Amino acid sequence: MGVLGIIGGSGLYDMDRLSDVRAVDVESPFGAPSDKIVRGRLGDLELAFLPRHGVGHRLSPTGINYRANIDCLKRLGVTDILSLSACGSLQEDMAPGDFVLVDQFIDRSRARPLSFFENGLVAHVSMAEPTCSRLRQKVAVAAKALGIPLHEKGTYLVMEGPQFSTRAESHLYRQWGADLIGMTNMPEARLAREAEICYLTVGMVTDYDCWREGEAHVDVSAVLEILVNNAKTAQKLVADAAPLIMEERSETCEAGCDRALEMAIVTHPDKRDAALMDRLDAVAGRVLGRAAQ
Ligand SMILES: CSC[C@H]1O[C@H](OP(=O)(O)O)[C@H](O)[C@@H]1O
Ligand SMILES: Nc1ncnc2[nH]cnc12
C-alpha cells in the first residue's frame, strides 16, 4: 500500500499525533541521513518522519546529505514524500502564514551532489513536472477543508545560502517569475524523482524576503516567530492529508513518478559499474533487477 514520508524543515523537528513511535537508524551507502528516522502510525497508516536539518537544527542547507536522506526513506519503503518547508515570499499575494503547493522549481543551488547517478551508470529522468500532481491535489483538498490560506501552485527558487539574498537577487528572482524562495528543496526533489518516489513541497510562507517596499528585510527571528504557527498548521495538514493520499493510493502513480527510471538509463548493460549498481540497490533496484534487502 505504500508508506508516507514526511521531511520536516525549519521549525518542524518532530510529528505529534503519531502512535507506536520508533526511532530507527538506517544505513545508506551515501552516508549518514540528517537524523534517526521516526516511524509511527497515524491511525492505520505507516509514516516515516525525517527532520531535514536534524533535531536541534545542526545541519545547514549546504551540509544536508540529501542523497542519504532520500536513499534511507526509499530503503524504508517510502513511496510518497511531503516536504514541509519554510519559505520567503516573492509575491504580494503570498503572505506570511500562507501555504503554497509547489509545482515548479528554479534551481540555483550550486554546492551539492545533484544525482544518484554518475560515471558508470548514467540516467536522465524528466523534471518537467518536478512535483507529483496527485499529491498536490490531495493536499489541496485537506488544506481547503482546514481553511488554510492556500495557493495551489507556485514556483520555488532554490538558493544556496546560508546567507539570505541580496535585494538585487530578490528583485531578479521576481522578474524570473519565482513565487517562493528557500534553500533546501533542490536537489531533494530531483533525488526523489530518481528514486521513483512521489514528492510534493508544501511551502509555508514566513516572510517577504527583502524586495518589498516598507517591509523589514528577512531575518531569522522573524522567520522563527511565524514558523511556530505554521508548524502547528502543518501538523494538522499532515494528519488530514495522509489518509487522502495513502488510502486512495492505487498501485501505480497516475502522474508516473514511480516509473521515472523506466526509460532513463542510457549506459549499456555491459558497461555498467558494478559497485555503483550495488550502491543504487534501493534507488534503482527495480529497474536494475537488484532490489535492496
Ligand atoms: C531558518 S530560515 C532559513 C532556512 O529555513 C528554510 O529551511 P527548510 O526549507 O528546511 O524549512 C530555508 O530553506 C533555510 O534552510
Ligand atoms: N527569505 C528566505 N530566503 C531563503 N530561505 C528562506 N526560508 C525562509 N525564508 C527564506
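Residues numbered from 1 in each chain as written. Chains lettered and ligands numbered in written order. Predicted model: local features only at pLDDT ≥ 70, side-chain atom pairs only at ≥ 80, totals over all residues. Heavy atoms only, no water.

1. Describing the packing of helix α1 (residues 66-75) against helix α4 (residues 185-194)
Relative to each other, α1 and α4 sit at 35°, their axes nearing to 9 Å. Here α1 runs over α4; the crossing is right-handed. Contact with α1, carried on its side by Tyr 66, Arg 67 and Ile 70, involves Pro 187, Glu 188, Leu 191 and Ala 192 of α4 and no other residues of that element. When its residues are assigned to classes, the contact of α1 with α4 shows five nonpolar, no polar and two charged. (Axes fitted to C-alpha atoms, helices over the stretch in contact; angles between N-to-C directions. Helix = DSSP H or I, 4+ residues; strand = E, 2+ residues; numbered from the N terminus. Left-handed = near helix turned anticlockwise from the far one by under 90°. Contact = heavy atoms within 4.5 Å. Nonpolar A, V, L, I, M, F, W, Y, C, P; charged D, E, K, R; others polar.)

2. Points about the UniProt feature "binding site: phosphate" (unreviewed entry) in the chain
Under the local residue numbering, the UniProt record ascribes the feature "binding site: phosphate" (unreviewed entry) to Ser 10, Arg 52, His 53, Ser 85, Ala 86 and Thr 184. A maximum C-alpha distance of 12.1 Å among these annotated residues, which run over 175 residues, shows that they cluster at one spot. Assignment of secondary structure puts Ser 10 in the loop between β1 (3-8) and β2 (19-24). Look past the residues within four positions of Ser 10 in its chain and what remains in contact with it is His 53, His 57, Ala 86 and Leu 227. Mapped onto the elements of the fold, His 53 is located in the loop between β4 (45-51) and α1. Note on His 53: relative accessible area 4%, which makes it buried. Once residues lying within four places of it in the same chain are set aside, the contact partners of His 53 are Gly 9, Ser 10, Arg 58, Leu 59, Pro 61, Ile 64 and Thr 184. Among the polar contacts listed, one links the side chain of His 53 to the side chain of His 57, at a separation of 3.3 Å. (UniProt positions renumbered as here; feature names shortened; annotations may be inferred. Buried < 20%, exposed > 50% of the residue type's maximum accessible area, 1.4 Å probe, protein only. Polar contact = N/O pair within 3.5 Å; in protein donor to acceptor, adjacent residues only side chain to side chain.)

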